[in-house]
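Descriptive analysis of the structure
Listed below, chain by chain, are the residues.
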Amino acid sequence: MTEWLGLPALASAHGGQIDNLIGWIHVFMLILFVGWGSFIAYTLIRFRRSRNPVANYTGVKSHRSTYVEIGVAVVEGIALFGFAIPLWAARVNRIPPANEALVVQITGEQFAWNIHYAGPDGKFGRTDIKLIDSQENPLGLDRSDPDAKDDVTNLNQLYLPVNKPIIVRLRSKDVIHSFGVPEFRVKQDAIPGFTIPIWFVPTITTAEMRTKTGNAEFQYEIACAQLCGLGHYRMRGFVTVQSADEFQKWMAAEEEKLKGESDIFR
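Just so you know, these numbers come straight off a predicted model, no measurement behind them. (Residues numbered from 1 in each chain as written. Predicted model: local features only at pLDDT ≥ 70, side-chain atom pairs only at ≥ 80, totals over all residues. Heavy atoms only, no water.)

Right, let's get into unusual backbone geometry. With an omega of 5°, the peptide bond running from glutamine 110 to phenylalanine 111 counts as cis. Looking at the secondary structure, you find phenylalanine 111 in the loop between β1 (102–109) and β2 (112–117). One non-glycine residue, asparagine 156, lies in positive phi territory at about 65°. Relative to the helices and strands, asparagine 156 is located in the loop between β3 (152–155) and β4 (157–161). Of note in the backbone geometry, arginine 185 takes a positive phi value of approximately 55° without being a glycine. Along the chain, arginine 185 turns up in the loop between β6 (177–181) and β7 (186–190). Accessibility expressed as a relative area gives 13% for arginine 185, which makes it buried. (Helix = DSSP H or I, 4+ residues; strand = E, 2+ residues; numbered from the N terminus. Buried < 20%, exposed > 50% of the residue type's maximum accessible area, 1.4 Å probe, protein only.)

Structural data, given as structure tokens:
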């Protein structure tokens, strides 16, 4: 269904359900478009002035239009209660346990995405607004907190393991942003004052997608889908999906960097 809809390549476990829903909505809308268009054309011809020079105040007594309207309402009800609400409930309410997933905190700001991993201990360190430095410490991470010593932070570059549930906790430092990765079929607003979770399972690595698309430069892109200021156009991030081993090697390398930095400032 992805092909005839013109959607980006699919790279998440739940994306097929999203595509099916979008496909059925397009089918229903096509039926409505053809139906209502035909009805309008019929009325223009049937009740043209040359055929009806004098107005008929009695009107049409048939109940066909009522039946058609009921049919439209039924179809819309099926689309809403049979497809949309169950899918929404599955994506929002059935978040996997944190111990079975990779949890990442992503904080949007004008005009960047701050990526925060808990590190090997699985605990996110304390942050403090007083420690925020736009260049060195945009999240205000308190490295004196034991839970923060192994935390890995990154800017605009999200690394993920393939075929593992990912829980993203979205935040914002300033205005409303929107985290969206089209290939994963996820998009969620990041609202100041709230931490909003979304989850998905990436199924195709970046290397595999480059082979599949024939584009050696392909990258999964994080797009901000909310107009968040004059620099909105340059608020871009990128996702690199790796094998489990590659991801562990990347995380180990980041941990080594942290140890090296702590040795320098000790």
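As summarised here, the arrangement of the five strands in space is β3-β2-β1-β5-β8, forming an open sheet in which the pairing is mixed. The open sheet is flanked by β3 and β8 (196–200), the only strands paired with a single partner. Between one strand axis and the next, the sheet turns by 25° as a mean value, whatever way the strands run. By the bridge criterion, four bridges tie β2 to β3 in an arrangement that is antiparallel. Bridging across to β3, asparagine 114 finds its partner in leucine 155. (Pairing = 2+ DSSP bridges. Axes fitted to C-alpha atoms, helices over the stretch in contact; angles between N-to-C directions.)

Before going further, it helps to examine a nonpolar patch on the surface. A cluster of nonpolar residues, Trp4, Trp24, Val27, Ile31, Tyr67, Ile70, Val74, Ile78 and Phe83, forms a patch on the protein surface that exposes about 910 Å² of accessible area. Put simply, the parts of the chain that give the nonpolar patch at least two residues each are α2 (15–46) and α3 (64–93). Per element, the largest residue contribution to the nonpolar patch is five residues, and it comes from α3. Here isoleucine 70 shows up in helix α3. (Patch = residues over 30% accessible without salt bridge, like charges linked within 9 Å, V, L, I, M, F, W, Y side chains within 5 Å. Areas by Shrake-Rupley, 256 points an atom, 1.4 Å probe, with all protein chains shown as cover. Salt bridge = Lys/Arg side-chain N within 4 Å of Asp/Glu carboxyl O.)

Below, the discussion takes up the pairing of β2. Most of β2 sits inside the fold, with six of its six residues counted as buried. Side chains Ala112, Asn114 and His116 of β2 all project onto a buried face; the interleaved residues Trp113, Ile115 and Tyr117 project onto the opposite face, where all are buried too. Where β1 and β2 come together, six bridges link them in antiparallel fashion. Considered in β2, the bridge of glutamine 105 is made with histidine 116. Connecting β1 to the next strand, β2, in antiparallel fashion are two residues.

Attention now moves to the packing of aromatic side chains. Overall, the coordinates contain ten aromatic pairs when judged by the stated rule. With a centroid separation of 6.0 Å and 80° between ring planes, the pair formed by tryptophan 36 and phenylalanine 39 is classed as edge-to-face. Note that tryptophan 36 and phenylalanine 39 are positioned in helix α2 at a spacing of three residues, about one turn of the helix. Grouping aromatic residues by their ring pairs yields a cluster made of Tyr117, Tyr159, Phe247 and Trp250. (Phe/Tyr/Trp six-rings, centres within 6.5 Å; stacked < 30°, edge-to-face > 60°.)

With 95% of its residues at a pLDDT of 70 or more, the protein has an overall mean of 88. Looking across the protein, the model is least confident in helix α1 (residues 2–5), with a mean pLDDT of 68, and most confident in β4, with 97. (pLDDT = per-residue confidence, 0-100.)

The next point concerns the sheet that holds strand β9 (residues 220–224). Read across the open sheet, the five strands follow the order β4-β10-β9-β6-β7; overall the sheet is mixed. The open sheet has two edge strands, β4 and β7, and neither has a second partner. Going from strand to strand, the sheet's axes swing by 25° on average, the running direction of each strand aside. Note: β9 against strand β10 (residues 236–242), four bridges, orientation antiparallel. Within the sheet, the bridge partner assigned to tyrosine 220 lies in β10 and is valine 239.

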